[in-house]
Every structure is written in structure tokens, then in C-alpha cells.
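The chain contents come next:
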Amino acid sequence: MQQQNERQTYQGLMHRVQKKLMVRWYNELDAATETGHPAVYLMVSGNCVELLRAFDVLPVYPEINALQLAIRNKSLPALLKSEELGYATDNCGYVKADIGANSLGDKATLGTRLPKPALILCNYVGCNTYVKWFEHLAALTGAPLYVLDIPFMRQETASPEDVQYVVRQLEEIIKLLEKITGKKLDIENLKEHLKRARTAEDLWCEVRNFSKHRPAPYDAYFDNTTMMGPLYVYRGMQECIDFFEVAKKEFQERARQGLGAVSPEKFRIVVEGPPPYPYFRKFRDMLAHWGACAVASTYSTVGGIWEFGFRHDSNNPLYSIAEHMISQNLANRSFLQRYEQIDRYIEEYSADALLIHSVKSCRLFSAGQGDMREYFFRQREVPTLFVESDLEDPRYFSAAQMQNRIDAFFESLEHQKLYKSHPTLSSGGPR
């Protein structure tokens, strides 16, 4: 009963501040429909939000709008509407929810309105669905479209030629933003945004490191997902720094007191893949029931990877933004680089197992995850659970089947731990 109460009440100050910031953002977008304040649609992966903020332009992320629909159990009507319009059932759930919501009245999840975009900025990384999605948004809104072509990572680091290629495109976008806002780029203002982004990136990394504690004071899958909102909406602004100061202080205190995100913490897991947003809380509770806490996750790095050392550099603003867009986000890296990232997580965060949540409507994330499971289980001998549902569509989530898979895995993992602590017993581990 004590464990159940802990799961039900774990919503700290970080969560409340995050909610206020996201509500404020939606209210600003709503106000922009009346004032005409310029807004630009862009993608989370490898975003260049600092550049927009330097022009005082509001960012709009269709992905965040789509996931907010899902987590509030409002995605199904939008999905059905898009299928009625002709989108296939296996199209990207984000795309269908966003297009469907637009067709149903362009209301954001909080009942607020979204402004007509001054520009559709397709910062294309990794997934060609993005291009088609933003082409459709441009057609629906009548806004101009700019496809920012980001070369896929073909080696360990971004080549100077690739960085230069992106810088030239950023310079074209600056001209578009100058035309939209009627003001020239203030390079010193952009540098100040990058300095603040760098501070927020330092704090984000400090926060992530708290999950190396035993017990982990926060869940690095579900809570990191919560923190991604302010990270991408407000990065480059003081609000982002203030938010992560709050999170750092809260988790630092929980670590000092020995309070875990789940109690008792029995298993430390690394999670690969996006969460099932329509069943976000239920999925968390299924894992917490077994004392399983995520200590690291790949999904929380789709918008930027800073934990391995990269930071935005105000001394080289455009080069720094370009390098971030090419090489420092999960979506634009190879699967082998993702293997290395997971390997590091398992080692550095002392994880017991890997959980792969494969989503049906996102091929970018899910293609190859079967091989990933074989690699970690057979070659790295890491107990690995592979489950499937979707990030947006509630029709793909079977609570009973999911519960059975999770129960069977952790029951087996529990036995394996028991056998390891009592070597005279015969062993059998999760398969």
C-alpha cells in the first residue's frame, strides 16, 4: 500500500512549474492569433529555437501539439478525422493527429488557438515523413515553406562541408525572418540566447546525472519527457534556466534524503523509444509496480544530445547551431551510434535491463529495433524486454497484453537476481 501511495503522489514542484510554463506558452500562441505576433512552425529534432527567439518569434511544435492530444486522451477523434480524409492507418500518428486536429478546428489541447504561421520551417532530420507533414501544413495554412536540409550523419562527427552547407541555409532563414519581423538580426542578441542555452544545457546534464544515484530520485524516462517541453520551447531564455534550477534543487534534495522515484527501487532500466502517450501514466504504473525505475532513456535526446559534451557556442553562433542540428540529436544519427549510446547508459547508470518500446507509427524509431533486441540480449547479455504499442493511437495499446509481458519479464528478472545472490540455486533468466 505504501508503494502504491508513493506512485500516486509523486508529482513534485518540477511538474507544477512545467505545467505553468506550457500553459503560458499556449496562452501566448492564443494571443498571437489576435495580435499577429509572428510564429514559426518547426520540428523538435535538432531544432534551432534560439534563432527564432533572437527575432522574438514564437515557436510552434506540431509534435508537441500532437502528443498533448494523446496524453489528454483527445487524439482519437483527430486520428479518425485524418483517416476520413484519406490518411492510411499506418501513417505517422503525430501527422494524423495534427492534420486531423487542424481539420477539426485548429484548437490546441488546452482549448486555445494556434496562430497562423508566418513560416513553416521544416528542419528535416532523419525522417522523410517530416517533409510531407510540413508540405501538408503549408497547404492547409497557406504559409510559405522552407525545407532546411540537414545531411544525415555518415561518420562519427559532422564534416566541415556539411556544417557549412547548413550554415548557408541558416543565413537564408535569417533573411526570411528579417523580412517577416521587419528587423535585422542582432548578432549580440543571438549570442546572449546561445549563452543562456548553454547554461540550460549544463543544468539539464546535471539533472540527468541524478539518476545515477541509488535509488534514482526521479524517473529518467517519464520525468525526462516532462522536462523536454520547457527545454525545447524556452531554450535560450531565462525561463528555461529557472526551470532547470528548480528541477535540480528538487532532485538534489530527494537524492540527499534517499527518496526514490519508485519505492522500493528494485530494478534500474534503460528505455528505448517514445512513450505510449495515451497511456503514459498507466505504463509508468505498470513498471513502478515492479519497482522498475528508468535511469536513462534515448527518447529524451531527440531534440539534443548534450550529456556527452556538446554545448552551443556563442562565439560561433551559426556554426554551433548547424553542428547541433547535424550531429547532436538522436534522430539524425545511425543505429550503431544509438547502440553505443545505450551501451554507455547501461554501464554508466548501472542498469539491470533494457526496455524497448516499439511504436507502430514511427518507422524512424522502430525500424531495426528487433535487431537491437537481439544485439543487446545475445551479444551484450543484457536482459531485454521488447513491447509494442503506439505513441499517439490508443487503439494499438492492449493493457492486458502489456501487463502480461511486463509481469513475465520482471518476474523472471527477479528470479535471476535471486539466483545470482544464491549461486547454489540453478539459474534461468529473462528471454
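Residues numbered from 1 in each chain as written. Predicted model: local features only at pLDDT ≥ 70, side-chain atom pairs only at ≥ 80, totals over all residues. Heavy atoms only, no water.

A. Structural context of the packing of aromatic side chains. Scanning all chains against the criterion turns up 22 aromatic pairs. Their ring planes at 70 degrees and their centres at 6.1 Å tell us that phenylalanine 222 and phenylalanine 283 sit as a pair that is edge-to-face. Of this pair, phenylalanine 222 sits in helix H10 (residues 222-233) while phenylalanine 283 is found in helix H12 (residues 280-288), placing the two residues 61 residues apart along the sequence. Across the pair, exposure class does not vary: phenylalanine 222 and phenylalanine 283 are buried alike. Look at phenylalanine 308 and tyrosine 345: their rings are 6.4 Å apart centre to centre, the planes differ by 35 degrees, and that puts the pair in the tilted class. Residue phenylalanine 308 is found in the loop between strand S6 (292-297) and helix H13 (317-327), and its partner tyrosine 345 is found in helix H14 (residues 335-348); the two are separated by 37 residues along the sequence. The buried category is assigned to tyrosine 345, whose relative accessible area is 1%. (Phe/Tyr/Trp six-rings, centres within 6.5 Å; stacked < 30°, edge-to-face > 60°. Helix = DSSP H or I, 4+ residues; strand = E, 2+ residues; numbered from the N terminus. Buried < 20%, exposed > 50% of the residue type's maximum accessible area, 1.4 Å probe, protein only.)

B. Spotlight on the sheet that holds strand S7 (residues 353-359). With parallel pairing, 4 strands are arranged side by side in an open sheet as S6-S5-S7-S8. The outermost strands of the open sheet, each flanked by one partner alone, are S6 and strand S8 (384-389). Looking at each pair of strands side by side, their axes are set apart by 30 degrees on average, direction ignored. Pairing of strand S5 (residues 267-272) with S7, which is carried by 4 bridges, proceeds in the parallel orientation. Looking across to S7, one finds that isoleucine 269 is bridged to alanine 353. (Pairing = 2+ DSSP bridges. Axes fitted to C-alpha atoms, helices over the stretch in contact; angles between N-to-C directions.)

C. Layout of the pairing of S7. Most of S7 sits inside the fold, with 7 of its 7 residues counted as buried. The side-chain alternation of S7 yields two buried faces, one formed by Ala353, Leu355, His357 and Val359 and the other by Leu354, Ile356 and Ser358. Pairing of S7 with S8, which is carried by 6 bridges, proceeds in the parallel orientation. Bridging across to S8, valine 359 finds its partner in serine 389.

D. Fine view of the nonpolar core. One finds Leu170, Met227 and Phe410 to be the most contacted residues of the largest nonpolar core, which totals 126 residues. One finds Val262, Ala296, Ile342 and Val382 within the second-largest nonpolar core, a separate group that totals 20 residues. (Core = buried A, V, L, I, M, F, W, Y, C linked by side-chain atoms within 4.5 Å.)

E. Here's a closer look at the side chain of asparagine 47. Within the secondary structure layout, asparagine 47 lies in the loop between strand S1 (39-41) and helix H3 (49-54). Only 3.3 Å separates the side chain of asparagine 47 from the backbone nitrogen of valine 49, close enough to count as a polar contact. Beyond its immediate stretch of four places on either side in the chain, asparagine 47 contacts Leu42, Tyr61, Asn123, Tyr232, Arg235, Gly303 and His324. (Polar contact = N/O pair within 3.5 Å; in protein donor to acceptor, adjacent residues only side chain to side chain. Contact = heavy atoms within 4.5 Å.)

F. Seen up close, the packing of helix H8 (residues 160-181) against H13. Packing of H8 against H13 leaves a shortest axis separation of 9 Å and a crossing angle of 115 degrees. Crossing hand, H8 versus H13: right-handed. Of the residues in H13, those touching H8 at Asp162, Val163, Gln164, Val166, Val167, Leu170, Glu171 and Ile174 are Leu318, Tyr319, Ile321, Ala322, Met325 and Ile326. (Left-handed = near helix turned anticlockwise from the far one by under 90°.)

G. A look at the confidence of the model for the protein chain. Mean pLDDT over the protein chain stands at 93; residues scoring 70 or higher make up 94%. Contacts for the low-pLDDT stretch residues 1-6, under 50 throughout, to residues beyond four places or in other chains number 10 contacts. (pLDDT = per-residue confidence, 0-100.)

H. Structural context of unusual backbone geometry. Note that the residue after arginine 214, namely proline 215, is joined by a cis bond; omega there is -10 degrees. Of note, proline 215 is situated in the loop between helix H9 (187-209) and H10. In this chain, serine 263 is followed by proline 264 through a cis amide linkage whose omega measures -5 degrees. Within the fold, proline 264 resides in the loop between helix H11 (238-257) and S5. Look at aspartate 56: it is not a glycine, yet its phi comes out positive at around 60 degrees. Looking at the element boundaries, aspartate 56 is found in the loop between H3 and strand S2 (58-60). Residue aspartate 56 is classed as partly exposed on the basis of its relative accessible area of 43%.

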